[in-house]
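# Coordinate inspection notes
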Amino acid sequence: MRAVVMQHEEHEGPGLLGPALEAAGFTLVKRFRTVKREDLNAELVVVLGGPMGVYEADRHPFLGEELALVTERLALGLPVLGLCLGAQLLAAAAGSEVFVGKNGLEVGVAPVRWTKEALADPVIAGVRPRTPVAHWHQDTFKAVPGATLLASTDRYTQQAFRLGDSYGFQFHLELTADELDRWFTQGAEELVELYEKDVDELRSQLPKLRTAEAENRELLERLAHHFARVARAAR
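Residues numbered from 1 in each chain as written. Predicted model: local features only at pLDDT ≥ 70, side-chain atom pairs only at ≥ 80, totals over all residues. Heavy atoms only, no water.

### Details of the overall build of the chain
Each helix and strand in the chain was counted, giving eight helices and eleven strands. By the compact-globule yardstick of 18 Å for 235 residues, the chain fits well, its C-alpha radius of gyration being 16 Å. Considering only C-alpha atoms, the chain reaches an extent of 50 × 40 × 30 Å along its principal axes. Counting contacts in the chain only where the partners sit at least 6 residues apart, residues at least 24 apart contribute 73% of the total. (Helix = DSSP H or I, 4+ residues; strand = E, 2+ residues; numbered from the N terminus. Rg over C-alpha atoms; globule rule 2.2 N^0.38 Å. Contact = heavy atoms within 4.5 Å.)

### Examining the sheet that holds strand S4 (residues 80-83)
Taken in spatial order, the nine strands make up an open sheet running S2-S1-S3-S4-S11-S10-S9-S6-S7, and their pairing is mixed. Taken across any chain shown, the strands that pair with only one partner, and hence form the sheet edges, are strand S2 (27-32) and strand S7 (130-137). Put simply, the sheet's adjacent strands are angled 20° from each other on average, direction ignored. Both strand S10 (residues 160-163) and strand S11 (residues 166-169) contribute to a ladder of four bridges, which runs antiparallel. By the bridge assignment, Arg162 is partnered in S11 with Tyr167. Running over the sheet, helix H8 (residues 206-234) touches strand S3 (44-47), S4, strand S6 (106-114), S7 and S11 and is turned about 90° from S7. (Pairing = 2+ DSSP bridges. Axes fitted to C-alpha atoms, helices over the stretch in contact; angles between N-to-C directions.)

### What about the nonpolar core?
Counting residues in each nonpolar core, the largest one holds 33 residues, and the members touching the most others are Leu81, Trp114, Ile124, Phe169 and Phe171. Elements supplying a minimum of two residues to this core: strand S1 (2-7), helix H1 (17-23), S3, S4, S6, strand S9 (148-152), S11 and H8. The dominant element in this core, judged by the number of residues it contributes, is H8, at six residues. By size, the runner-up hydrophobic cluster in this structure holds 26 residues, among which are Val29, Met52, Leu63 and Leu90. (Core = buried A, V, L, I, M, F, W, Y, C linked by side-chain atoms within 4.5 Å. Buried < 20%, exposed > 50% of the residue type's maximum accessible area, 1.4 Å probe, protein only.)

### Structural notes on the pattern of salt bridges
Throughout the structure, instances matching the rule amount to 13 salt bridges. Between Glu97 and Lys142 there is a salt bridge, and its shortest N-O distance comes to 3.0 Å. With Glu97 in the loop between helix H3 (85-93) and strand S5 (98-100) and Lys142 in the loop between strand S8 (139-141) and S9, this pair connects stretches of sequence that are 45 residues apart. The exposure class of Glu97 is partly exposed, given its relative accessible area of 40%. One salt-bridge network, in which partners are shared between bridges, spans Arg31, Glu38 and Asp39. (Salt bridge = Lys/Arg side-chain N within 4 Å of Asp/Glu carboxyl O.)

### Considerations on the packing of helix H2 (residues 61-76) against H3
Packing of H2 against H3 brings their axes to within 9 Å, and their N-to-C directions diverge by 60°. Looking at the two axes, H2 sits oblique to H3. Here the hand of the crossing between H2 and H3 comes out right-handed. From H2, Leu63, Glu66, Leu67, Val70, Thr71 and Leu74 reach across to H3, where they touch Leu85, Leu89, Leu90, Ala92 and Ala93. Among the residues forming the contact of H2 with H3, the class breakdown is nine nonpolar, one polar and one charged. (Parallel < 35°, antiparallel > 145°, perpendicular 65-115°, else oblique. Left-handed = near helix turned anticlockwise from the far one by under 90°. Nonpolar A, V, L, I, M, F, W, Y, C, P; charged D, E, K, R; others polar.)

### Notes on the side chain of Thr153
With respect to the element layout, Thr153 can be found in the loop between S9 and S10. Classification of Thr153 by relative accessible area gives buried; the value is 7%. The contact partners of Thr153, leaving out residues within four places of it in the chain, are Glu106, Pro111, Val112, Arg113, His135 and Gln159.

### Here we look at the pairing of S6
Where S6 and S7 come together, eight bridges link them in antiparallel fashion. Across the sheet, the residue bridging to Pro111 is Pro132, located in S7. Where S6 lies against S9, two bridges are found, and the strand directions are antiparallel. Each bridged residue has a counterpart across the sheet, and for Trp114 the counterpart in S9 is Ala151.

### Comments concerning the environment of Pro79
Here Pro79 is to be found in the loop between H2 and S4. Of the residues examined, Pro79 reaches a relative accessible area of 4% and is grouped as buried.

### A look at the environment of Gln7
Topologically, Gln7 is positioned in strand S1. Distance in space between the C-alpha atoms of Gln7 and Val47 is 6.8 Å, their sequence separation being 40 residues. Separated by 2.9 Å, the side chain of Gln7 and the backbone oxygen of Glu9 make a polar contact. (Polar contact = N/O pair within 3.5 Å; in protein donor to acceptor, adjacent residues only side chain to side chain.)

Put into C-alpha cells, the structure is as follows:
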C-alpha cells in the first residue's frame, strides 16, 4: 500500500506519523512540493504543513496542484490525511474558506478539547478529553461542509475534523518535543521579530508535549490502522 506524503519544508517531515504508517503496512512515497498523476490512485495521501497559505497558489503553484489532487480524491471517496496546511487544503477542497485568523499566531504546546463526537469516533475514542499537542499556525478556516468537528481550542474553533474516511488536524500531532524544539531554533528570529514571542517561554512548554508523546503516538497508530482498513476494504 502506498502512502504519498506531500512535504513542503525540508525540515518538516512526517515525524511520528511515518513509523505508524509503515507499521500499518504502508510504504511511504515522499513528494517535495510536487504532485504526480499516479498519486491520485494511492491508497492514502498525506499532506503535511508549511508556512505558506492555501490562498497563495499564485506564489506557490504546487498548492494549486495539491488542492486539485485532494479535491479529486474526495470526489472519488479516496482518503486524505491533512496536518496543519494539509488540513487547510482538505478543508478548502471540501468547499470551506481558508483565511488568516484574527486571533493571531497559535504556537507552542497547548491542549485541544475533543468534542463529544470525537470521543465517540472510532479512531479518536479513548483519548483524554484534553490532549496536549504542538501548535504553529495562524491560518484557520470556516466549518467544513459535511464534516464532523472533532477538536477546538480557545483561540481557534476549527482544530480537527473528519470528512468521510479523511481526517484533518490543524495542530501537529506528529511532532515530538525534540522536533518542536528544533522548529523553535530554526524559527526563532521570525517568532521574536514578527510575532514578539518569547522563545524561552515556548521552550518551557516542551515537557508537556514530552509527557503526552506516548498518547499522541498511540492515536497516530490508530489513525494509520484506520487508513489501512479503508485501503483493504477498497480492494
